[in-house]
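Here is what each chain is made of, one letter per residue.
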Amino acid sequence: IMLLRQKGYTLKPVSATYTGLKEYYESLPLQELAWYQHQDQESGFAIDFPTQPISISPKSVPIKMYMTPDLTEGTVYLAAGFDYPGIDPEDSVRREELYQSMAENMINNSSLGGLLEVEESQNIIHQGVEGRELKIGSESWRAPAMRLRIFIKEGALYIAMAVKQN
């Protein structure tokens, strides 16, 4: 410091912006972090999030969604439930069309657009309700960019999604 001052430099102390908070959260065992159970009485569903979600209403979709980021994993979680009259959960052809349409919309409306594709699609059952899980990604990604679960029950459509921020 003395040498710099002798050469005519003016020095002032600078506080570090590093807080160590990220390392703290990464060091915690996941089982110790309790997730927040969000209940949407209006739409009739409950879902667990890493933290309390915020309500959002995207302009492109006229529904209320709930979202929360997981800062340690770089993942954003979203969920929504809304009335979807006219779809019979037993109509397998219409159900398949809906799953395909939703996957295409997710891909087309993503900032990654044409880079994404459905990597895996499988039927699932959650709490007795049949649904579909789609893993959407790209060859350049090591993990799926999106994981989407879709359920149809009694005239309503339920969506749970995780989006990985690479």
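About the thresholds
Residues numbered from 1 in each chain as written. Predicted model: local features only at pLDDT ≥ 70, side-chain atom pairs only at ≥ 80, totals over all residues. Heavy atoms only, no water. Helix = DSSP H or I, 4+ residues; strand = E, 2+ residues; numbered from the N terminus. Rg over C-alpha atoms; globule rule 2.2 N^0.38 Å. Buried < 20%, exposed > 50% of the residue type's maximum accessible area, 1.4 Å probe, protein only. Contact = heavy atoms within 4.5 Å. Areas by Shrake-Rupley, 256 points an atom, 1.4 Å probe, with all protein chains shown as cover. Lys, Arg positive; Asp, Glu negative; His and termini not counted. Charge placed at Lys NZ, Arg CZ, Asp CG, Glu CD. pLDDT = per-residue confidence, 0-100. Pairing = 2+ DSSP bridges. Axes fitted to C-alpha atoms, helices over the stretch in contact; angles between N-to-C directions. Patch = residues over 30% accessible without salt bridge, like charges linked within 9 Å, V, L, I, M, F, W, Y side chains within 5 Å. Salt bridge = Lys/Arg side-chain N within 4 Å of Asp/Glu carboxyl O. Phe/Tyr/Trp six-rings, centres within 6.5 Å; stacked < 30°, edge-to-face > 60°. Core = buried A, V, L, I, M, F, W, Y, C linked by side-chain atoms within 4.5 Å.

**Student:** Can you break down the overall build of the chain residue by residue, with the values?
**Tutor:** Secondary structure summary: the chain contains 3 helices and 9 strands in total. The order of helices and strands in the chain, counted from the N terminus, is α-α-β-β-β-β-β-α-β-β-β-β. What you see for the chain is a C-alpha radius of gyration of 22 Å, clearly larger than the 15 Å of a compact globule of 166 residues, by over 25%. Out of the 166 residues belonging to the chain, those deemed buried represent 34%. Contacts in the chain between residues at least 24 apart in sequence constitute 35% of all its contacts with a sequence separation of at least 6. Looking at the chain as shown, the accessible area adds up to about 11,800 Å², and 51% of this sits on carbon and sulfur atoms. If you average the places of the 15 positive and of the 22 negative side-chain charges in the chain, the two averages end up 14 Å apart.

**Student:** Account for the confidence of the model for the chain, naming residues and giving values.
**Tutor:** Within the chain, residue pLDDT values average 83, and 90% of them lie at 70 or more. When pLDDT is averaged over each helix and strand of the chain, the minimum, 77, is found for helix 2 (residues 21-27) and the maximum, 92, for strand 1 (residues 36-40).

**Student:** With reference to specific residues and values, describe the sheet that holds strand 8 (residues 146-153).
**Tutor:** In space, the 7 strands of this open sheet follow the order 3-4-5-9-8-7-6, with antiparallel pairing throughout. The open sheet has two edge strands with one neighbour each: strand 3 (54-56) and strand 6 (117-126). For this sheet the average axis-to-axis angle between neighbouring strands, irrespective of direction, equals 20°. Pairing of strand 3 with strand 4 (residues 65-70) involves 3 bridges; the strand directions are antiparallel. From the neighbouring strand, Ser55 faces strand 4, where its bridge partner is Tyr66.

**Student:** So what's going on with a negative patch on the surface? Which residues, and what values?
**Tutor:** Taken together, Asp88, Glu90, Asp91, Glu97 and Glu130 make up a surface patch of like negative charges. Considering the arrangement of structural elements, one finds Glu130 in strand 7 (residues 129-137).

**Student:** Account for the pairing of strand 9 (residues 156-164), with residues named and values stated.
**Tutor:** Here is the key point about a regular strand: its side chains alternate between the two faces of the sheet. Judged by how many residues are buried, strand 9 sits mostly within the fold: 7 of 9 residues are covered. Both strand 5 (residues 75-83) and strand 9 contribute to a ladder of 9 bridges, which runs antiparallel. Of the residues in strand 9, the one forming a bridge with Val76 is Val163. Two elements, strand 8 and strand 9, share 8 bridges in a ladder whose sense is antiparallel. Considered in strand 9, the bridge of Phe151 is made with Tyr158. The antiparallel pairing of strand 8 with strand 9 creates a hairpin that spans 2 residues between the two strands, and Glu154 there sits at a positive phi of about 50°.

**Student:** Requested: an account of the packing of aromatic side chains, with residues and values cited.
**Tutor:** Tallying each qualifying case throughout the model produces 4 aromatic pairs. Look at Phe45 and Tyr66: their rings are 6.5 Å apart centre to centre, the planes differ by 65°, and that puts the pair in the edge-to-face class. Highlighted residues: Phe45 in strand 2 (residues 45-49) and Tyr66 in strand 4, separated in sequence by 21 residues. Under the relative-accessibility criterion, Phe45 is labelled buried at 14%. Members of the aromatic cluster, connected to one another through ring pairs, are Phe45, Tyr66 and Tyr158.

**Student:** Give me the lowdown on the pattern of salt bridges, citing residues and values where you can.
**Tutor:** Oppositely charged side chains can form a pair if their charged atoms are brought close together. Scanning the model with the defined rule gives 5 salt bridges in all. Overlapping salt bridges, with partners in common, bring together Glu133, Arg147 and Arg149 in one network.

**Student:** Explain the nonpolar core to me, using residue names and the numbers behind them.
**Tutor:** Formed by 25 residues in total, the largest nonpolar core has its most connected members in Ile136, Met146, Leu148, Ile150, Leu157 and Met161. Going through the elements one at a time, strand 5, helix 3 (92-108), strand 7, strand 8 and strand 9 are the ones with two or more residues in this core. Here this core takes 6 residues from helix 3, the largest share from any one element. Excluding residues within four positions of it along the chain, Ile150 makes contact with Tyr99, Met102, Gly131, Arg132, Leu134, Leu157 and Tyr158. In this structure, Phe49, Ala79, Val129 and Phe151 belong to the second largest nonpolar core, which totals 11 residues.

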